[in-house]
Each structure stands twice: as C-alpha cells, then as structure tokens.
Amino acid sequence: MSWEELCSPVSFLKQKLGTVACEQTLRAYESYWEREGKAISEIVDRAGTPWLRMFDRFGRRIDEILFPPEYWTLLRHGYQTGIVWRAFEEQSLISSYLLGYVTSFYDPGLYCPYTVSLSTAVPLEKYGTESVKARFLPELLKRDETVWQGATWMTEAKGGSDLGAAVETIARPSGDHWLLTGEKYFASNAGADLAVVAARP
Ligand SMILES: Cc1cc2nc3c(=O)[nH]c(=O)nc-3n(C[C@H](O)[C@H](O)[C@H](O)COP(=O)(O)OP(=O)(O)OC[C@H]3O[C@@H](n4cnc5c(N)ncnc54)[C@H](O)[C@@H]3O)c2cc1C
C-alpha cells in the first residue's frame, strides 16, 4: 500500500473495499478535513477538556458545559454532511459508518457524539411512538446548524455490558410521560438535546 493511500482515509477504504458508497461526499469531507478540519481540531485539542460552569453569576445552578467555539464548527460540519441524516435518507448505515471512519482518521473523539446521536435516532425510529417520533426525529435529522444531538445513557455503576442486570434507574408513569430516578455512570455527549435512557418501569 502506498504512502498516499495510507494518508488518505478514502483511498485506504477504496483500496480495501474496491468501491465505496457516496464516494464524492467522502472525498469532499476528506478535503474539508485537510483544508480546515485538521487545524480546527488542533485548536480544540489545545483548549483541553471542556469546562463545567456550575453556577451563573446569581448563584443559580446551571451546569453548563463550555466547549471552545471551534468545536461546534467541526461538529456541525459532520452533521451537515450527513453522518446521521444519510442513514435515514439512504435506509442504510453504510454511508454513515464511512463518514465515521473518515472522522475517526482525523479526530477519533469527534466520532463519539456522532455515534450517540445516530444511536438515539435509529432506536427512536424503530421503537418510538408516532407522536414521540414526530416531535423529535425531525430535529435530529436537520441539515443545518440547528440540528439536535442525541445521547445514550445506559451504563450504571454496577456495569454496562449486561444492562438487564445493572440498571436500577426507575421510570414511573406520570400522565403522558415518565419520571426517571437514578444515577448514570458514563454519559457521553452530556450536553445533548435529547437522550435515550435505560430504566426499569
Ligand atoms: C469513553 C467511554 C464513553 C462511554 N460513553 C457511554 C455513554 O455515553 N453511555 C453509556 O451508557 N455508557 C457509556 N460508556 C460505558 C460503556 O458502555 C461501558 O463501559 C461498557 O458497556 C462496559 O461496561 P462496564 O465498563 O461497566 O464493564 P462491565 O460490564 O462491568 O464489564 C467488565 C468486564 O467484564 C466483561 N464481561 C462483562 N459481562 C460479561 C459476561 N457476561 N461474560 C464475559 N465477560 C463479561 C467485560 O467484557 C469487561 O471486560 C462509555 C465508556 C467509555 C470508555
């Protein structure tokens, strides 16, 4: 394998797979990373981990997670390119995974929010009631900068592999919704707009 193929995630995929779905989109996405994304990713790296602002200036608890602004630029570019919405439009996860591969080549951490957003949208589509789907799916599938992010909060202190044994969070019906009580351990993309949460009725 040539050095050029090793340095280009799309060429590497083509070399391994023969043909790849949505090649033009992938090439454009790779070019974006080479042109702008890599430099932005370095700025985000240098800024270190996000900060938690627990209180506002009046002492009210707000728990706001602060990211460097450049983080949003990178993040939104992937959503706009279709790392989530393409799975629905194409009725296949392949393009989404290929975009994920390219993302991970340049910035593995950034693939985490995309993964959990996809893992929110797909089960919502599969198992959600019609009214919940109608309310939330369009937000997760937007193609502009107002797109919502998802999160999957399953793991608890007792473990994450066997959720049937580990989950103690309780869900109690309250009118047309559920009230949850419990504690999650590991909550990637904690600042997401929407989360799928494992709980016991
Ligand atoms: C960076 C990061 C981000 C994460 N983000 C999230 C998130 O957003 N939401 C979320 O819900 N979780 C998240 N997790 C948690 C992750 O899903 C769990 O760590 C994972 O499911 C494993 O659970 P555990 O760590 O509790 O290990 P355990 O389930 O306690 O397993 C411990 C060890 O025992 C082995 N084991 C477990 N069960 C069996 C079995 N039946 N047979 C044989 N071996 C077994 C496992 O392979 C492992 O080696 C995240 C984890 C990481 C590292």
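Worth saying up front: this structure is predicted, and the values here are computed from it rather than measured. (Residues numbered from 1 in each chain as written. Predicted model: local features only at pLDDT ≥ 70, side-chain atom pairs only at ≥ 80, totals over all residues. Heavy atoms only, no water.)

Draft legend 1. Broad picture of the site of the ligand. Within the structure, the ligand sits among Thr152, Trp153, Met154, Thr155, Gly159, Gly160, Ser161, Phe186, Ala187 and Ser188. Threonine 155 is positioned with one of its side-chain polar atoms (N or O) 2.7 Å from a nitrogen atom of the ligand. Note that a nitrogen atom of the ligand is positioned 2.6 Å from one of the side-chain N or O atoms of serine 188. Expressed as a share of its isolated accessible area of 960 Å², the protein-covered part of the ligand is 37%. Classifying every residue of the shell around the ligand by side-chain character gives 4 nonpolar, 6 polar and no charged. (Near = heavy atom within 4 Å. Polar contact = N/O pair within 3.5 Å; in protein donor to acceptor, adjacent residues only side chain to side chain. Areas by Shrake-Rupley, 256 points an atom, 1.4 Å probe, with all protein chains shown as cover. Nonpolar A, V, L, I, M, F, W, Y, C, P; charged D, E, K, R; others polar.)

Draft legend 2. Quick look at the pattern of salt bridges. This model, assessed by the stated rule, comprises 13 salt bridges. The salt bridge partner of arginine 53 is glutamate 64, with a shortest N-O separation of 2.9 Å. With arginine 53 in strand E1 (residues 51-55) and glutamate 64 in strand E2 (residues 61-66), this residue pair connects regions lying 11 residues apart in the sequence. Here glutamate 64 falls in the partly exposed class, since its relative accessible area comes to 33%. The shortest N-O distance in the salt bridge between lysine 142 and glutamate 139 comes to 2.8 Å. Connected through shared salt-bridge partners, Lys14, Glu23 and Arg27 make up one network. (Salt bridge = Lys/Arg side-chain N within 4 Å of Asp/Glu carboxyl O. Helix = DSSP H or I, 4+ residues; strand = E, 2+ residues; numbered from the N terminus. Buried < 20%, exposed > 50% of the residue type's maximum accessible area, 1.4 Å probe, protein only.)

Draft legend 3. Representation of the nonpolar core. Counting residues in hydrophobic clusters, the biggest one holds 33 residues, and the most contacted among them are Leu26, Trp33, Tyr79, Ile83, Val102, Leu110 and Tyr114. Secondary structure elements with two or more residues in this core: helix H2 (9-17), helix H3 (23-47), helix H4 (69-81), helix H5 (85-89), helix H6 (94-106), helix H7 (111-127) and helix H8 (130-140). Among the elements that take part in this core, H3 stands out by supplying 6 residues, more than any other. In contact with leucine 110, other than residues within four places in its own chain, are Trp33, Tyr71, Leu74, Leu75 and Thr103. (Core = buried A, V, L, I, M, F, W, Y, C linked by side-chain atoms within 4.5 Å. Contact = heavy atoms within 4.5 Å.)

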